[in-house]
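Residue-level listing of the chains:
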Amino acid sequence: MDIHKTDDSVVRRIQALVSRYDYLNQNDLYFYNQPISELRGGARVLVNGREMGMYASYSYLGLIGHPRINAAAKAAVDQFGTGTNGVRTLAGSLTLHEQLEETIAEFKQAEAAITYTSGYVTNMTVISTLMGRGDWVISDKLNHASIVDGCLMSGAEFRRFRHNDMQELEKRLEQAPAEAAKLVVADAVFSMDGDVVDFPRVVEICRKYNAWLMIDEAHSLGLLGKTGRGIEEHFGMEGSVDIKMGTLSKTIPSVGGYVAGKKDLITYLRHTSRAYIFSAALPPAQVAAANEAFKVILDEPWRIEKLRQNADLFITGLKSAGFDTLLTSTAIVPVLCGSDERAFALTRTAQHNDVFVLPVVSPAVPEGLARLRATVTAAHEPEEIKRAMSVIEKAGKEIGII
Ligand SMILES: Cc1ncc(COP(=O)(O)O)c(C=O)c1O
């Protein structure tokens, strides 16, 4: 241990993490942070000199490297360079930023949109800007960490409800004082389980209790709805969400986050949210790439259909092999393993057989629910997916998971 401090709780915390890290490394069970040196088509990557099938991607529609998107990014660099002159409010706003926000507003069928430099920051800043002391913010237990952090930072009364349990959501709202401002937040597709929020009920309950509704579409943009517009299109309930949040780092192969909604809401956020006012603008290449990606989604609807077919194939195959994949119906497929060690072992065998998947273990998921968080994309071919499934199945049997 190379920390020259007297023993205190910080030292002990670091020591605990580092000794677990060392143990996993020494036993060939550590698979995080591996550098990818090459993309080989949409569904294969070169990792440590090995070509592997990619089953850990967020690029659900397979848009990373799309020629139109790459060309847009290059043109933006030629026109604007690689950075901006500062924060948006002062000297950092480009015509490109305005174009992207118009594109997002149109895509999300909203009056206006605002962008930030990451999805994480978007949730943190938007929730903590809108909500404050005396307000109530109510969040699904499986919501993303950035939502939890935004709720904590807001200083509002923070309550959680059991995952997708609408009775408990209603109970929480009943507990809130009638005069308090209330915000309900949920992922549209849950990032670790792949299941879809009970949207019709959430909308109904929010209306009943006069609560604002914020939905995080990080994993539903491009996946749900006939044209990939997300949760409202999926349920045919356009206009139901007050704060439509999403990221530009998953289906959209760039970086950043956005909120779309009513004009007044966006004007308010543009002048009060600290991550907008006190942090530099998104760089030109990433803005242009994101803008083009929304257009590609509309121009190439086959990607959405292919993704759905691939997801169905993957889920059905893993289930019939005997794996528990929880309630997923999307491209995010949890392959439950039980203990963290089993999840690490399944990962090791899969990667040794050129299937690039990664484990999610405690505390990211509850103890005993460690899993592979496997994904398919529109870039996979069915034959590749079948091969990956047979590797996972064989390894699952050897390790005793199935
Ligand atoms: C549901 C959800 N919201 C927000 C984020 C944060 O987005 P970003 O990675 O673009 O910062 C993530 C990222 O994993 C996510 O899964």
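Residues numbered from 1 in each chain as written. Predicted model: local features only at pLDDT ≥ 70, side-chain atom pairs only at ≥ 80, totals over all residues. Heavy atoms only, no water.

Undergrad: Please clarify how helix α8 (residues 199–208) should be interpreted in this entry.
TA: Residues spaced three or four apart along an α-helix point in a common direction, a consequence of the helix completing one turn every 3.6 residues. What α8 keeps buried is the set F199, V202, V203, I205 and C206. Considered in projection along α8, the buried side chains sweep an arc of 165° and stay on one side of the axis. Those residues of α8 that are exposed and aimed more than 90 degrees away from the buried face are R207 and K208. Two residues or fewer past α8, N210 is found with a positive phi of approximately 55°. (Buried < 20%, exposed > 50% of the residue type's maximum accessible area, 1.4 Å probe, protein only. Helix = DSSP H or I, 4+ residues; strand = E, 2+ residues; numbered from the N terminus. Arc of directions from axis to C-beta.)

Undergrad: Help me understand helix α4 (residues 95–107) in this model?
TA: In this model α4 runs 18 Å from its N-terminal to its C-terminal C-alpha over 13 residues, within 8% of the 18 Å that 1.5 Å per residue would give. Along α4, the residues that are buried comprise L96, H97, L100, E101, T103, I104, A105 and F107. Those residues of α4 that are buried are in contact with α2 (67–80), α3 (88–92), β4 (112–116), β10 (257–261), α10 (263–272) and α12 (284–299). Downstream of α4 by one or two residues, Q109 has phi in the positive range, about 50°. (Expected span 1.5 Å × (residues − 1). Contact = heavy atoms within 4.5 Å.)

Undergrad: Can you walk me through the packing of helix α1 (residues 9–26) against helix α14 (residues 340–352) in this structure?
TA: Taken N-terminus to C-terminus, the directions of α1 and α14 make an angle of 40°; their axes are 12 Å apart at the nearest point. Judged by the angle between their axes, α1 and α14 are oblique. You can see that α1 and α14 cross each other, and the crossing is right-handed. Along the contact surface, α1 presents R20, Y23 and L24, while α14 presents D340, E341 and F344. (Axes fitted to C-alpha atoms, helices over the stretch in contact; angles between N-to-C directions. Parallel < 35°, antiparallel > 145°, perpendicular 65-115°, else oblique. Left-handed = near helix turned anticlockwise from the far one by under 90°.)

Undergrad: It is not clear to me how the sheet that holds strand β13 (residues 359–360) should be interpreted in this structure. Could you clarify?
TA: Neighbouring strands of a sheet are bound in pairs by backbone hydrogen bonds; such pairs are parallel or else antiparallel. Taken in spatial order, the 3 strands of this open sheet run β11-β14-β13, and their pairing is antiparallel. Strand pairing shows two members of the sheet lacking a second neighbour, β11 (332–338) and β13, which therefore form its edges. Against the sheet, helix α13 (residues 302–320) makes contact with β11 and β14 (370–375), and its axis sits at roughly 20° relative to β11, the strand it touches most. (Pairing = 2+ DSSP bridges.)

Undergrad: Would you mind going over the site of the ligand with me for this structure?
TA: In the neighbourhood of the ligand, 15 residues make up the surrounding shell, with Y120, D216, H219, S249 and K250 lying closest. Within the side chain of S249, a nitrogen or oxygen atom sits 2.7 Å from an oxygen atom of the ligand. Starting from 390 Å² of accessible surface for the ligand in isolation, the protein chains cover 86%. Looking at which element gives the most residues to the shell around the ligand, the answer is helix α5 (residues 119–130), with 3 residues. Considered class by class, the residues forming the shell around the ligand number 2 nonpolar, 10 polar and 3 charged. (Near = heavy atom within 4 Å. Polar contact = N/O pair within 3.5 Å; in protein donor to acceptor, adjacent residues only side chain to side chain. Areas by Shrake-Rupley, 256 points an atom, 1.4 Å probe, with all protein chains shown as cover. Nonpolar A, V, L, I, M, F, W, Y, C, P; charged D, E, K, R; others polar.)

Undergrad: Would you take a moment to explain the layout of surface pockets for this structure?
TA: Vacant regions in the atomic arrangement are exposed by a probe of water-molecule size rolled over the atoms. Approximately 540 Å³ is the volume attributed to the largest pocket. Residue lining of the largest pocket: 24 residues in total, with Y32, L358, P359, V360 and V361 positioned closest to the centre. Elements with a minimum of two residues in the lining of the largest pocket: α1 and β13. Of the residues forming the lining of the largest pocket, the biggest block, 4 residues, is contributed by α1. Taken together, the residues of the lining of the largest pocket sort by class into 19 nonpolar, 3 polar and 2 charged. (1 Å grid on protein atoms, 1.4 Å probe; cavity = no way out; pocket = protein on both sides within 12 Å on 5 of 7 lines; lining within 4 Å. Points joined across faces, edges and corners; volume = space filled by probe spheres on them.)

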